[in-house]
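So the chains spell out like this:
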Amino acid sequence: MAFDSSLRYRPYEDWNAEEIQQIEENVAKSPWHSHFHIEPKRGLLNDPNGFSYFDGKWQLFYQWFPFGAAHGLKSWVHTTSEDLVRFEETGIVLEPDHPLDTHGMYSGSAMQMDDQLFIFYTGNVRDKDWIRHPYQNGALMDKDGKLVKFDLPLITQPADTTDHFRDPQIFLYDGQYYAIIGGQDLENKGIIKLYKAVDNDYKNWEEVGDLAFGNDRTAYMMECPNLVFVDNRPVLLYCPQGLDKTVLNYDNIYPNMYKIGQDFDPEKAEILEPSALQNLDYGFECYATQGFNAPDGRALTVSWLGLPDVTYPTDDYDYQGALSLVKELRLQDGKLYQYPVDAITSLRQDEKPFAAQMETDNVYELQLTIPKGSQTELVLCADADGKGLKLSIDLQEGTFTVDRSQAGQQYALDFGQTRSCFLDNQDTTLAIFMDKSIFEIFINKGEKVFSGRVYPNDDQTGIRLTHGQAEGTFYTLNHGR
Ligand code: FRU
């Protein structure tokens, strides 16, 4: 049953134990629960938040509406990890319990400050006329998970933006703290603002200006901007909502894109010589990607494998959304590569050579090589008739296509059932991570990525090579998260 949207802002304390139990019983009935990806125990998960390193552990939060598959009153759920692969929920949930976040603790970032974790987030506040007041708020979390929110906002809505102003990302550049925030200007165009910590005090921020990054000014809002540095080059990740498809084509309701610059000039608020805009992910689901430079310098990212304003087959089971694997960014020949962190191999259990016909439990890793010049067709989540999630790798034509039209429950049909990209005609590798209802496909070690959800029927558990050639290894994966 669809969530009754009049309950989206019902206070948390009004949900009683019996209602919650009913929701959880419904969630438990789903055949599509992930085994090694983060998903919510109930309700809706969206953006990754506060991805950071603190207290000797990786810290990762996510946006959560606890009571059904709807975008309602949002909290942050806290998880930690020792290896960036196995994340545990700590039981800590940062709730919207302050006058500066009455209608949700919206997205943001985190960074260690002395022996506490500084949390920089958007407080979503609606007044009695339902007018939105976005506050960029701060809080400090100690090692026991105790959170103290600041009494006053760190940044209020600037005079030159609308109420669409959110998702602060703090980052360190040359020893100085900066933050970028997504927004909409008074001409209803998406912008990104750059702020600087005055005297390097993270409790005191001043605006530097609108970030110059070759903004084509066709988007109406930039959600979740993130600036990371790979080999000292700035990589700007963001979600330009409403981007004109003549600038760069995309198929999803909202795109997640990036640009690579040659350099970053914080005084001028400028990314120098920004590349053309690029699609971060060619699949059906990838949004609100959050990145940060880890203490060891690596640029790490994690994405929401979901999209705003889309209903999913699991909505009937009162939950929605998952996070991607953690990916490391690299630059090679000026191109951005995204690939799961090395520790991902620690999930491997048994291995066997890839065969043209395999039975699985839809939880596995597949490493394949497709020879230059071949036209190969591979079906994942295949039933006895070979219907499932079809991958067509046509190296003669130079195309890669994922078609989910025959794979179980269909949804988001307005946005098409296939996704494609161009490939060079060369020996091509595929790393495929399948997790019940999640697929992440990394072509040529992450040169192109296709992420998405698939909701197979009960009998769709096979792999079939229906055409062409592929060689490689199949790994069963350790289910324990
Ligand atoms: C992106 C987003 C953010 C916002 C959050 C609210 O998915 O809309 O801009 O902070 O989700 O949950």
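All of these numbers come straight from a predicted model, not from anything done at the bench.

Draft legend 1. Here's a closer look at the sheet that holds strand β22 (residues 327-332). Pairing within the open sheet is antiparallel, and its four strands lie in the order β19-β20-β22-β23. What marks the edges here is a single partner per strand, and that holds for β19 (287-293) and β23 (335-340). On average, each strand axis in the sheet is tilted by 35 degrees relative to the strand beside it, whichever way the strands run. For strand β20 (residues 299-304) and β22, the ladder comprises three bridges, and the chain directions are antiparallel.

Draft legend 2. Spotlight on the sheet that holds strand β33 (residues 448-453). Spatial ordering of the open sheet is given by β24-β35-β26-β31-β32-β33, a layout of six strands whose pairing is antiparallel. Each edge of the open sheet is held by one strand with a lone partner, namely β24 (348-353) and β33. The average undirected angle you get between the axes of adjacent strands in this sheet is 15 degrees. Taken together, the six bridges between strand β26 (residues 363-370) and strand β35 (residues 471-477) define a ladder with antiparallel strand orientation. Across the sheet, the residue bridging to L366 is F474, located in β35.

Draft legend 3. The pairing of β26, seen in detail. Here β26 lies mainly inside the structure; seven of its eight residues are buried. Examined bridge by bridge, β26 and strand β31 (residues 428-435) share eight bridges and lie antiparallel to one another. Bridge pairing in β31 links L368 to L430.

Draft legend 4. Here's a closer look at the site of the ligand. Neighbouring the ligand are the residues N46, D47, Q63, K74, Y106, S107, R166, D167, E223, Y287 and W304. Between the ligand and the protein, one listed contact pairs an oxygen atom with a side-chain N or O atom of K74 at 3.1 Å. Here an oxygen atom of the ligand and a side-chain polar atom of R166 are 2.8 Å apart. Protein chains shield 92% of the accessible area of the ligand, which is 320 Å² for the free molecule. Elements supplying a minimum of two residues to the shell around the ligand: β1 (43-54), β5 (105-113) and β9 (161-173). Class assignment for the residues of the shell around the ligand results in three nonpolar, three polar and five charged.

Draft legend 5. Structural view of the domain arrangement of the protein chain. Split by domain assignment, the protein chain resolves into domain 1 (5-339) and domain 2 (342-477). Just the C-alpha atoms count here: the centres of domain 1 and domain 2 sit 29 Å apart. Counting residues at the interface gives 36 residues for domain 1, matched by 43 residues for domain 2. Across the interface of domain 1 and domain 2, roughly 3500 Å² is buried in total on both sides, 63% from carbon and sulfur atoms. At the junction of domain 1 with domain 2, the criterion picks out two salt bridges. When the shortest N-O distance is used, the salt bridge between E285 and R404 registers 3.4 Å. In terms of residues, the side of domain 1 that touches domain 2 owes the most to one element, β23, which gives five residues.

Draft legend 6. Broad picture of the packing of aromatic side chains. Using the criterion set out here, one finds 36 aromatic pairs in the structure. Taken together, F3, Y12, W15, F65 and F67 form an aromatic cluster joined through their ring pairs. Over the ring of Y250 we find K245; its NZ or CZ atom is 4.9 Å from the centre of that ring. One residue, R348, lies across the ring of Y475, its end atom 3.9 Å from the ring centre.

Draft legend 7. View of the UniProt feature "domain: Glycosyl hydrolase family 32 N-terminal" (unreviewed entry) in the protein chain. In the numbering used here, UniProt assigns the feature "domain: Glycosyl hydrolase family 32 N-terminal" (unreviewed entry) to residues 37-340. In this annotation, residues 37-340 is assigned 0% helix and 54% strand; the end-to-end C-alpha distance for the span is 12 Å.

What counts, and at which threshold
- Residues numbered from 1 in each chain as written.
- Predicted model: local features only at pLDDT ≥ 70, side-chain atom pairs only at ≥ 80, totals over all residues.
- Heavy atoms only, no water.
- Pairing = 2+ DSSP bridges.
- Helix = DSSP H or I, 4+ residues; strand = E, 2+ residues; numbered from the N terminus.
- Axes fitted to C-alpha atoms, helices over the stretch in contact; angles between N-to-C directions.
- Buried < 20%, exposed > 50% of the residue type's maximum accessible area, 1.4 Å probe, protein only.
- Near = heavy atom within 4 Å.
- Polar contact = N/O pair within 3.5 Å; in protein donor to acceptor, adjacent residues only side chain to side chain.
- Areas by Shrake-Rupley, 256 points an atom, 1.4 Å probe, with all protein chains shown as cover.
- Nonpolar A, V, L, I, M, F, W, Y, C, P; charged D, E, K, R; others polar.
- Domains from an automatic or database assignment.
- Contact = heavy atoms within 4.5 Å.
- Buried area = accessible area lost by both parts, 1.4 Å probe.
- Salt bridge = Lys/Arg side-chain N within 4 Å of Asp/Glu carboxyl O.
- Phe/Tyr/Trp six-rings, centres within 6.5 Å; stacked < 30°, edge-to-face > 60°.
- Lys NZ or Arg CZ within 6 Å of the ring centre and 35° of its normal.
- UniProt positions renumbered as here; feature names shortened; annotations may be inferred.

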